[in-house]
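Tertiary structure, described
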Amino acid sequence: MTTSLFPELSDISDRPEFPPTRYLGSKRRLASSIVHVAAGLGVRTVLDAFGGTGAVAHAFKCAGFAVTYNDILRFNHQIGLGLIENDDVLLCEDEVVALGVRRRGVDYGDLVERYFADIYFTDEENRWLDTAAGNIAGIADPYRRALCWFVVFQAAMAKRPYNLFHRRNLYMRHAEVSRSFGNKASWDRSFEDHVRALARQANAAVVRGASPCRATCRDAAAIEPDFDLVYIDPPYIGAGGVGVDYHGFYHFLEGLVDYDGWEERIDFASKHRRLRPETNPWHDPGRVLDCFRALFELHRRSALLVSYRSDGIPSPEELLRALRDFKPRANLAEAWDNQYALSTRRRTKEILLFGV
């Protein structure tokens, strides 16, 4: 492990804990190690170009870096606002419990109840989600609103088999069968109980950064190059040539946060009411290396740190060669055994490449 050039950044073990998450591909367990490597590169400003859960950006923030969290998905952007850009706004228990309570004078929609019956949640739970969306829309403070979205997202994932929205499978929650996976108690726990517990976890993660941090919602390729370090953790394409489609796996959350525009974005030909698919070159085995190269070139004046998998396409060797075209010093920084939830590949490693 590289020794930190900044002793005050070298120990972040006592940082506020980032909330446990069921998000696919989360780097929560590796975040401290990634920050230690970055600290050894002598940088202060950091772009997390594919922010996802926010776990790595949060670790950078806690270590004193000025972090910009970015993610192209709107629901992820809410996570960045609530836990990265936000320094001091917290949730109180009464407002969290009231998320599912209808108030006079509020015009609540019924989009979830109407279009998603018998797909992901029960009728009662669908109504709760419609209610929560209406109540969150009325919250003026952007950080309080973002934290409310965060607890709703986490609760919705906790109540889903596989924690995803990739298929119509509500029946799995109700089937009286022997189970070898999942947590039926968590599936059947009410939204009210989930969000109450999750709000405490979210509050515990809110911390004032030593430097200002911010959250953006843009294509990573469109961000102006103005950072000491760019951390890159894009969707992976596995050995079988299939990319991790976060837009497809979490379309329900992406639609929920865009409640007023959701209906016109739904693909009604799909059984599980996904959003209409969007082309993403990061999912294309024939184009993904060019995507990496374009990002390396865009940020060629920054130190680059790339999270990757040992079985990815392109191969780690191809990616390292591409990185060396722009960085005279480029190498493997770390490799870890890290088994993702739902993954059946136990021989792959999580690797970290750096270029300076």
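Everything that follows concerns the structure shown earlier in this document.
Every value quoted in this text rests on a predicted model; they were computed, and no experiment measured them.

**A few points about the side chain of D233**
Tracing the chain through its elements places D233 in the loop between β4 (229-232) and α11 (246-249). Side-chain polar atoms of D233 contact the side chain of K27, separated by 3.0 Å. A polar contact is formed between the side chain of D233 and the side chain of Y236, at a distance of 3.1 Å.

**A closer look at the packing of aromatic side chains**
This model, assessed by the stated rule, comprises 27 aromatic pairs. Linked through ring pairs, F116, Y120, F121, W128, F165, F191, F252, Y259 and W262 together constitute an aromatic cluster. Cation over ring: K159 sits above F191, and NZ or CZ is 5.3 Å from the ring centre. A cation over an aromatic ring shows up here: R167 above the ring of Y162, its NZ or CZ 5.6 Å from the ring centre.

**Points about the state of the cysteines**
Under the defined criterion, the tally for this structure stands at 0 disulfides. Left unpaired, C62 is separated from the closest cysteine sulfur, that of C213, by 9.1 Å. Unpaired in this structure, C217 has its nearest cysteine sulfur neighbour in C213, at a distance of 18 Å. The partly exposed category is assigned to C217, whose relative accessible area is 30%.

Criteria and thresholds
Residues numbered from 1 in each chain as written. Predicted model: local features only at pLDDT ≥ 70, side-chain atom pairs only at ≥ 80, totals over all residues. Heavy atoms only, no water. Helix = DSSP H or I, 4+ residues; strand = E, 2+ residues; numbered from the N terminus. Polar contact = N/O pair within 3.5 Å; in protein donor to acceptor, adjacent residues only side chain to side chain. Phe/Tyr/Trp six-rings, centres within 6.5 Å; stacked < 30°, edge-to-face > 60°. Lys NZ or Arg CZ within 6 Å of the ring centre and 35° of its normal. Disulfide = S-S within 2.5 Å. Buried < 20%, exposed > 50% of the residue type's maximum accessible area, 1.4 Å probe, protein only.

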